[in-house]
Structures are given as C-alpha cells and as structure tokens.
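Structural characterization, general
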Amino acid sequence: MKVISKGDFTSFVNGMIQDGSSKVVGVKEKGNAFAFGDLGTADELRLDYDVTLLPPKKYFFPQRETLLRFDRTNDSAQSVVDVEPMVIIGVHPYDIAALQQMDAVFAESNADPYYMKKREAAVIIGMNAVNTSEWNFAASMGAESVSDGYDIMLTDLGGSYAVEVGSSKGENLLLTHGAALREANGEEQAACSSYSAPVGKSLDFDAAAIPALLRAHYGNEAFWEEHSEKCLKCGSCVLVCPTCYCFDVKDEADLDLKGGERYRTWDGCLIEDFASVASGENFRGTKAARYRHRYNKKGDYLNERFGFTACVGCGRCSSQCLPDIADPVKVFNDLWAVADTKPQAIESTPAEISPGEEYSFVPRNATVVNKTAMGTTEMVLELKLDDGSELGHQPGQFVEVSAFGIGEAPISVSSSPTHRGTFELCVRKIGNVTTKLHALEVGDKVGIRGPFGVGFDTEFFKGKNLLFIAGGLGLAPLRSFFNFVLDNRADYADVKILYGCKVPGEMLFGNEVADWDARDDIDHRMTVDSCTEEDTWEGNVGVITTLIPGVDIDAEDTYCIVVGPPIMYRFVIKSLKEKGVPDDKIIVSLERRMKCGVGKCGHCQMNGIYVCQEGPVFNYADIKDVPEALE
C-alpha cells in the first residue's frame, strides 16, 4: 500500500490537467449538490462529497449519443464512435460496482462499441466514501466497498490518502505524472484496513433474498397499485440510476435536409409509452405494471441473467422522486413485512461475460426493385441489398428498416428464404417511418439492419403436420414460413392454413390466397370479421376462431403456427386447447417494440425475456407462464 499527501495529490491532479493528454473530470460542487464535471484545477475537487446528481456512467453512456451520421445525397451512413482518453477522479465504490454491471450488459452478445471503447480509454480513480447521503443503502447491497473495478483507489487518512493500485493503467498514470508516493507505515495500513463506509439506510433482511421475494409477490396487485398510486410517470428514478441502460433511438436531419444523425438518448421503463407498439397496444400500460417491472428487472430478471442485483444502493432514485415512492429500501422492506413466508437468501454467482463481437448500428443499403399496394393500408416492398448478398434470414425473423432523417422501424420479412436475390417486406402505414416507406419509388434506397431474432425452425418441422393460423397483418411474417413449406412441400406432412381479416378489402396477398384454393396438397380456409352486400363476399363471416372447430386435425401430432394481433392469441389458443392441442404444439410470434434489435435498449422486454433476441417466435409452452407475454 502507498500513501500520498493531500498536497502532493493536488499537484498530481494539476499535472494531469496541464498535460492535456487526457480529459480530467472529478466531483465538483453544483449549488448545494455535487456533480462530476471537467476540472480546470485540482482545487475544484470535492472528495468529501456524499453522492453526485448523476452517476459517472454518463461518460460512457451519455444522455445523448450520436450513433451514426447519414448523407441523404448518396444514401450513405458512417458510424460515429466519439472516444476521448479520460481520467475520472472520486468514484465511490457503489458507482464502481454499477459500472461493472454496465460492463456486463454492454459486453454481452452484441458488444456495444460506443460504450466499450469509452471504457477502454478511461482511468477510474475511486474514492472510499467519507460522507454518505441519508438515502444511501450501499452496505445492504454489498457495494459499500469494492476489491476491483478501479485503476486507483483512495482512502482518506486525514492529511493524506492511502493509494491502492488496481491495474497497470493506474500504475502507469502514477508513474507518468510523477505522483509522490511513499510506502504506508503500520498505523496508516491499520487505518486503511479498518475503514468502514458510512451508512444511511438499510434493508431489514439479506439482499440475497430479493429475487425470491419479488417472485413470490409478482401477483400481489394490491401492493404494486398502492405503492405506485402517486407515480408521476416522469422517469426520474430510472434516469438517475447508475445501472439503468435503456435507451431510445431517433433521427435528426440537418437544416439543409441533406444529412443528419441518428442518436440515442436515455429512456426508462417508468415512462408511459415505453412498452407501446406501433399498432397502439401498450404491453405495460398501467402505473402499477411499470412500477413493478422496475423492481423486478433490477431485483430478479437481471439477477437471473447476469448473477447480480442491479441496484447498488446509491439512493439517487429516492432523492429525486417528488412523490417519494421510489425508495427501494421502503419497497423491499414493505414486501418483506407482508411476506407470510420469508424467502431464503440465495447467493448469486456473477455470470462470466466474454465480450461478444462488436455490433455496428450502420445499416446496409438496399434498393426498392418493386412495390405493390395491398389492402387498405399495406404496401409490399421488394428490396435488393446493394452489396449483392442475400439477406440470409430465417422465416419469422425481422429487420430494422431505415428511412434516413425519419427513423428506423422493425418489420418482419414476409418472403421465404427460397426467394433468392431479393426479399419482401409488407409495410403497414401507421407512423412516420412507414409513411415514408409507402412513399418510396422503385430505385429509392433504404437502410437494412438484421435479420434479427429467432424464427421458425424449418428443419425441426420437417415431416410434421402443420396448421397455420394468421390474423390480419400476421399473414406477413407467417407467409415467409408458409411459402417456404410450399416450396419444399415434400418435406412436410399435412398442411392447413386458416386466414382471417376484418373485411374483404383488407385481404393481403390476394393472388396467392386464390392460388391456395387451386392446390390439392393444402387445406385453406378464410374468414372476415364482417362484410357488406357490396363486398360480394361468399366465404365465412366471423372471427378466425369460428374456423377452428371445423378443422380436422390430429391434435397430438400437429404443430399450430399462430401469428396475428395481440388480442387474437388468447382466443385462438383457447380454441386450440379445446381441440386437445398440447401447449408444446402451439408456436406463436409476438409483437413488441424492437427498437435496437440487439438486446440492449429494453423496449421489447417481457418480464426477463428480450423478444428481439429470444423471439419473436416462441413455443407457447415456454412462455405461457410469463405474465407479460400474452396479456
């Protein structure tokens, strides 16, 4: 252990500032509070602070961050990864623990280059807390001290700081700037060893019981409604949190409209429309549902995924909540108090995260080669990737489609992989991006990211009996698999398809539907919810479930593929179960707000599942007990 006098530490910091090779930031006064900010001199440092307004994650995951710049004159885009060497001084242990959690999130699977490169370029100088806020409960969360995650750690010894070096980056920084270190004497070593972080609040139980406690009370609707009643839906609690990572992605055009940028901003699950989809459904539409999700995501879902509870006890959420309902200590202690059976503490093992391949948010260019109006609000775009490659999708997967300057939208691929050279998207005109896509002409360009997600397992279904059930626009993603089956008809057994739409004029892919009737190797039935005499409709009238009783299937040996609007699923599944179809023979494709496509932004999450990565195609048996899946 080394020691540096406070005067020499001041000189060390001023030396770094004057050198200018790295930006130097630290904790400064901001009115009657504290905040991380650029240092002009070491005298601005306040290492005796209690808590900062925002966590240091803002330097690695900024409130607004440019992902790419686009040029609309030549339909090109280029990634923007803004990295500046940085030294951050005075990071408390709980914020270091939070950064380690963020590291795992952004490194997993599709590694985020924007975050990872900033982290690699930064040196963290930690500071064991001298003071603490009244809201702090880091000790209860095991985050009052850390043994790693820092490059240098300081402990206040009065007239000096004990210095622990945690990495080669920290050691090089001290050497480069000539820090006047000396060996700690016995008294100083003892003082550092006996350091104890100040305590603000505490839980009434072991934090390791939080996941089990939340699971036991997920369905306690009265508890969540009572505690969320005063929620203002402002999102302050999640926006100041050091472990929250949800974001939104938007486009902004330059004033000349020739170029612009795509950027992301902080977002949060307490904000009302966070889980809304383009068609209007909100899969977490009540305050109680959003409030519950916040606690379950941090206390259960991320624990199951990564092996840590995503709360480090900093207390920022509590201090920033105007109606005073965001305090995790109160919520968890209240849950503990009403628990008839006290769950046992279970020690979690942090997952070993090997950083995945870095993911680029820059889309590939594609050209519109054909467009076909369909139904009342749909347009089928046939696209060809400009690099000449195949899309390489599985039936049921989706892509993110860019209209630069307007935005990006997730759209299911509606053509089969057997359709080579081009691919098709069936686009419903429902928002700004899809309105722009409808206005495209042959020869125009779009951006394509993906394909994403889990589609239909075409190999698994070979030799199986298949019943396809499509409702409305659900025919688009289902068509990809259905046409694959038709193109490989000998590989599959009995094939039936039921298709329903609201009125005859909304029928999709009418020519193909007519061709189905002419085939003797499939059984096709169709219905409309309603029609008028002018429609000259001669088929069945009624919702799609009216077709199911009349279908003759071997319930134990038929896989039922169901795709349609959210409200359709519960009724179709009920009808299938009445025919004796087992849960594991029902396959569904779920709609959610796939904003990023790579499992980071949080919008598509249903309980602990990221639909953009683990779906959108699911076996019903795997999700039937997931509360947010089919609500």
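Nothing here was measured: the structure is a model prediction, and the numbers come from that model.

Rules used throughout
- Residues numbered from 1 in each chain as written.
- Predicted model: local features only at pLDDT ≥ 70, side-chain atom pairs only at ≥ 80, totals over all residues.
- Heavy atoms only, no water.
- Helix = DSSP H or I, 4+ residues; strand = E, 2+ residues; numbered from the N terminus.
- Rg over C-alpha atoms; globule rule 2.2 N^0.38 Å.
- Buried < 20%, exposed > 50% of the residue type's maximum accessible area, 1.4 Å probe, protein only.
- Contact = heavy atoms within 4.5 Å.
- Areas by Shrake-Rupley, 256 points an atom, 1.4 Å probe, with all protein chains shown as cover.
- Lys, Arg positive; Asp, Glu negative; His and termini not counted.
- Charge placed at Lys NZ, Arg CZ, Asp CG, Glu CD.
- Pairing = 2+ DSSP bridges.
- Axes fitted to C-alpha atoms, helices over the stretch in contact; angles between N-to-C directions.
- Domains from an automatic or database assignment.
- Buried area = accessible area lost by both parts, 1.4 Å probe.
- Salt bridge = Lys/Arg side-chain N within 4 Å of Asp/Glu carboxyl O.
- Arc of directions from axis to C-beta.
- Core = buried A, V, L, I, M, F, W, Y, C linked by side-chain atoms within 4.5 Å.
- Polar contact = N/O pair within 3.5 Å; in protein donor to acceptor, adjacent residues only side chain to side chain.

Notes on the overall build of the protein
- The secondary structure content of the protein amounts to 17 helices and 27 strands.
- The C-alpha atoms of the protein give 28 Å as radius of gyration, which agrees with the globular expectation for 631 residues (25 Å, within 12%).
- Projecting the C-alpha coordinates of the protein onto the three principal axes gives extents of approximately 90 × 65 × 40 Å.
- Here the protein holds 631 residues, and the buried ones make up 55% of them.
- Considering only residue pairs separated by 6 or more positions, the protein has 73% of its internal contacts joining residues 24 or more positions apart.
- Within the structure as shown, the protein displays about 25,800 Å² of accessible surface, and the carbon and sulfur contribution to it stands at 47%.
- Averaging the positions of the 62 positive and the 94 negative side-chain charges in the protein gives two centres separated by 2 Å.

Some thoughts on the pairing of strand E4 (residues 64-71)
- In this structure, E4 lies alongside strand E12 (residues 259-266), joined through 7 bridges in antiparallel fashion. Following the sheet pairing, Phe70 is matched in E12 by Gly260.
- Here E4 runs beside strand E5 (residues 76-79); their pairing, made up of 4 bridges, is antiparallel. Its bridge partner lying in E5, Phe70 is registered against Ala77.

Things to note about the sheet that holds strand E20 (residues 495-501)
- One open sheet holds the 7 strands; their spatial order is E22-E21-E20-E19-E23-E24-E27, and the pairing between them is mixed. Strand pairing shows two members of the sheet lacking a second neighbour, strand E22 (540-541) and strand E27 (617-619), which therefore form its edges.
- Across 2 bridges, the pairing between strand E21 (residues 523-528) and E22 is parallel. Counted as the bridge partner of Thr527 is Asn540 from E22.
- Helix H13 (residues 475-487) contacts strand E19 (465-471), E20 and strand E23 (558-563) of the sheet and is inclined by roughly 155° relative to E19.

Digging into the domain arrangement of the protein
- Taken domain by domain, the protein holds domain 1 (2-193), domain 2 (207-338), domain 3 (364-452) and domain 4 (465-589).
- Between the C-alpha centres of domain 1 and domain 2 there is a distance of 26 Å.
- Each partner contributes residues to the interface: domain 1 has 42 residues there, and domain 2 has 44 residues.
- Contact between domain 1 and domain 2 buries roughly 3,700 Å² in total, counting both sides, with carbon and sulfur atoms accounting for 60%.

Concerning unusual backbone geometry
- In this structure, the amide linkage connecting Gly450 to the following residue, Pro451, adopts the cis form with an omega of 15°.
- The topology assignment puts Pro451 in strand E18 (residues 445-452).
- Here the amide bond leading from Gly615 into Pro616 is cis, since omega sits at 10°, within 30 degrees of zero.
- With respect to the secondary-structure elements, Pro616 resides in the loop between helix H16 (611-614) and E27.
- A positive phi angle, near 50°, is found at Phe509, a position not held by glycine.
- The topology assignment puts Phe509 in the loop between E20 and helix H14 (510-518).

Examining the pairing of strand E1 (residues 2-5)
- As defined by bridge partners, E1 adjoins strand E10 (residues 182-183) across 2 bridges and the pair is classed as antiparallel. Across the sheet, residue Lys2 finds its bridge partner in E10, namely Glu183.

Overview of the sheet that holds strand E7 (residues 122-127)
- One open sheet holds the 8 strands; their spatial order is E3-E2-E6-E7-E8-E9-E1-E10, and the pairing between them is mixed. In the strand order of this sheet, the two ends are held by strand E3 (33-38) and E10, each with one partner.
- In this sheet, E3 lies alongside strand E2 (residues 23-30) in antiparallel orientation, the contact comprising 6 bridges. Along E3, the bridge assignment pairs Val27 with Phe36.

Here's the deal with the pattern of salt bridges
- In this structure the tally under the stated criterion is 44 salt bridges.
- Here Glu408 and Arg262 are joined by a salt bridge, their closest N and O atoms 3.5 Å apart. Of the two residues, Glu408 is situated in strand E16 (residues 407-412) and Arg262 in strand E12; the sequence distance between them amounts to 146 residues.
- Glu408 gets classed as buried once you look at its relative accessible area, which sits at 14%.
- The shortest N-O distance in the salt bridge between Glu459 and Lys462 comes to 2.9 Å.
- Residue classification places Glu459 among the exposed residues on the basis of a relative accessible area of 52%.
- According to the relative accessible area criterion, Lys462 is partly exposed, its value standing at 32%.

Comments concerning helix H15 (residues 566-578)
- Turning to H15, its buried residues number three or more, namely Pro566, Met568, Tyr569, Val572, Ile573, Ser575 and Leu576. The arc that holds every buried residue of H15, seen down its axis, measures 160°, which confines them to one face. When the buried face of H15 is taken as reference, the exposed residues oriented beyond 90 degrees from it are Ile567, Lys574 and Glu578.
- Contacts made by the buried residues of H15 are with E19, E23, strand E24 (586-589) and helix H17 (620-623).

Observations concerning the environment of Thr132
- Summarising the element assignment, Thr132 is placed in the loop between E7 and strand E8 (152-156).
- Measuring from C-alpha to C-alpha, the distance between Thr132 and Phe223 comes to 30 Å, with 91 residues separating the pair along the chain.
- Not counting the four nearest positions on each side in its chain, Thr132 is found in contact with Asp50, Pro198, Val199 and Gly200.

Re the nonpolar core
- Among the nonpolar cores identified, the biggest contains 117 residues, and Phe468, Ile469 and Leu576 are the most heavily contacted of them.
- In terms of nonpolar packing, the next biggest core, distinct from the first, is built from 34 residues, Ala207, Cys269, Ala288 and Phe332 among them.

Notes on the side chain of Asp251
- With respect to the helices and strands, the residue Asp251 is situated in strand E11 (residues 247-253).
- A relative accessible area of 13% places Asp251 in the buried class.
- Side-chain polar atoms of Asp251 contact the side chain of Arg262, separated by 2.6 Å.
- Polar contacts involving the side chain of Asp251 include one to the main-chain amide nitrogen of Gly407, which spans 3.3 Å.
- Residues within four places of Asp251 in sequence aside, it is in contact with Phe70, Glu261, Arg262, Tyr263, Ala403, Phe404, Gly405, Ile406 and Gly407.

What about the environment of Lys287?
- Along the chain, Lys287 falls in helix H9 (residues 287-306).
- Given the relative accessible area of 28%, Lys287 is considered partly exposed.
- In sequence terms Lys287 and Trp224 are 63 residues apart; their C-alpha atoms lie 8.8 Å from each other.
- Non-local contacts of Lys287, meaning those with residues more than four positions away in its chain, are made with Ser228, Glu229, Cys231 and Lys233.
- Reaching out from Lys287, the side chain makes a polar contact with the backbone oxygen of Glu229 at a distance of 2.7 Å.

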